[in-house]
Amino acid sequence: MMMARPERSFALGAALATALVPGALLMLGLFDEARASLGILVGWGLALLVIVPSFWLMARVMHSEDRLAFHCAFMGGTMGRFGLSIVGIVLFATQVTDAPLLSFLLSFFAGYALLSMLEVTLLLKKTPDGTHA
């Protein structure tokens, strides 16, 4: 199955952001905490784990005439993001010895925001008039 242009653009954008943002955070050395690189990499990884499935779920139903499918995908993606974010943050904070929380949280929320902006931008381009709901 071929990917449509928004899917290819999302994959490329996510790959570029993954190459640039964590790398820049690592190189800048903004965090004065032990194992900051662990926090940065795991935080970005959690952002990818939360946002990427949500994008693919929504991309599948954007052209569907079935409003129930759209709303189910939207609510499922939203609740999945919320649940995975909370579980991931709590697990990192409680299961990692001397967890570098500042770098983890900054990297996670930077990834969450950037990837969400990319997702919304590309999903709205999938619809003929730029809106769906």
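See the structure above.
Let me sum up the structure you'll find in this document. Keep in mind that what you see is a predicted model, and the values were worked out from it rather than measured.

1. Quick notes on the packing of aromatic side chains
A complete count under the given rule lists six aromatic pairs for this structure. When the ring of phenylalanine 108 is compared with that of tyrosine 112, the centres are 5.7 Å apart and the planes differ by 55°; the resulting orientation is tilted. You can see phenylalanine 108 and its partner tyrosine 112 sitting in helix H4 (residues 101-125), four residues apart, about one turn around the helix. Members of the aromatic cluster, joined through ring pairs, are Phe10, Phe55 and Trp56. Positioned above the aromatic ring of tyrosine 112 is the side chain of arginine 81, whose terminal nitrogen or guanidinium carbon lies 5.5 Å from the ring centre.

2. Let's talk about the nonpolar core
If you look at the biggest cluster of nonpolar residues, it comprises 26 residues, and the most contacted ones within it are Phe10, Phe55, Met58, Leu115 and Leu123. The element best represented in this core is helix H2 (residues 36-61), accounting for 11 residues. If sequence neighbours within four positions are ignored, methionine 58 has contacts with Phe70, Ala73, Phe74 and Leu123.

3. Things to note about unusual backbone geometry
In terms of backbone geometry, most residues other than glycine have negative phi values and most peptide bonds are trans. Phi at arginine 35 takes a positive value of approximately 60°, unusual for a residue other than glycine. Residue arginine 35 is classed as partly exposed on the basis of its relative accessible area, which comes to 42%.

4. Considering the side chain of arginine 81
With respect to the helices and strands, the residue arginine 81 is situated in helix H3 (residues 67-95). With sequence-adjacent residues up to four places away left out, arginine 81 is seen in contact with Val50, Ile51, Ser54, Tyr112, Ser116 and Glu119.

5. Topic: the pattern of salt bridges
Following the criterion strictly, the structure yields one salt bridge and no others. With a closest N to O distance of 1.9 Å, arginine 81 and glutamate 119 form a salt bridge. Residue arginine 81 is found in helix H3, and its partner glutamate 119 is found in helix H4; the two are separated by 38 residues along the sequence. Like glutamate 119, arginine 81 is buried.

6. Concerning the environment of leucine 105
Within the fold, leucine 105 resides in helix H4. Separated by 63 residues in sequence, leucine 105 and valine 42 place their C-alpha atoms 9.5 Å apart.

7. What about H3?
The end-to-end C-alpha distance of H3 is 41 Å, a good match for the 42 Å that 29 residues give at a rise of 1.5 Å each. Residues Phe70, Ala73, Gly77, Arg81, Ser85, Gly88 and Phe92 constitute the buried set of H3. Those residues of H3 that are buried lie in contact with H2 and H4. Where H3 begins, the capping side chain belongs to aspartate 66, and its oxygen is found 3.1 Å from the backbone nitrogen of leucine 68.

8. A look at the packing of H2 against H3
H3 packs onto H2 with a crossing angle of 170° between their chain directions and a minimal axis gap of 8 Å. In terms of axis orientation, H2 runs roughly antiparallel to H3. Two secondary-structure elements touch here, H2 through Gly39, Val42, Leu46, Leu49, Val50, Ile51, Ser54, Leu57, Met58 and Val61 and H3 through Ala69, Phe70, Ala73, Phe74, Gly76, Gly77, Arg81, Leu84, Ser85, Gly88, Ile89 and Phe92. Residue composition of the contact of H2 with H3, by class: 15 nonpolar, six polar and one charged.

Rules used throughout
- Residues numbered from 1 in each chain as written.
- Predicted model: local features only at pLDDT ≥ 70, side-chain atom pairs only at ≥ 80, totals over all residues.
- Heavy atoms only, no water.
- Phe/Tyr/Trp six-rings, centres within 6.5 Å; stacked < 30°, edge-to-face > 60°.
- Helix = DSSP H or I, 4+ residues; strand = E, 2+ residues; numbered from the N terminus.
- Lys NZ or Arg CZ within 6 Å of the ring centre and 35° of its normal.
- Core = buried A, V, L, I, M, F, W, Y, C linked by side-chain atoms within 4.5 Å.
- Buried < 20%, exposed > 50% of the residue type's maximum accessible area, 1.4 Å probe, protein only.
- Contact = heavy atoms within 4.5 Å.
- Salt bridge = Lys/Arg side-chain N within 4 Å of Asp/Glu carboxyl O.
- Expected span 1.5 Å × (residues − 1).
- Polar contact = N/O pair within 3.5 Å; in protein donor to acceptor, adjacent residues only side chain to side chain.
- Axes fitted to C-alpha atoms, helices over the stretch in contact; angles between N-to-C directions.
- Parallel < 35°, antiparallel > 145°, perpendicular 65-115°, else oblique.
- Nonpolar A, V, L, I, M, F, W, Y, C, P; charged D, E, K, R; others polar.

As far as function goes, none of this settles anything; it's purely spatial.
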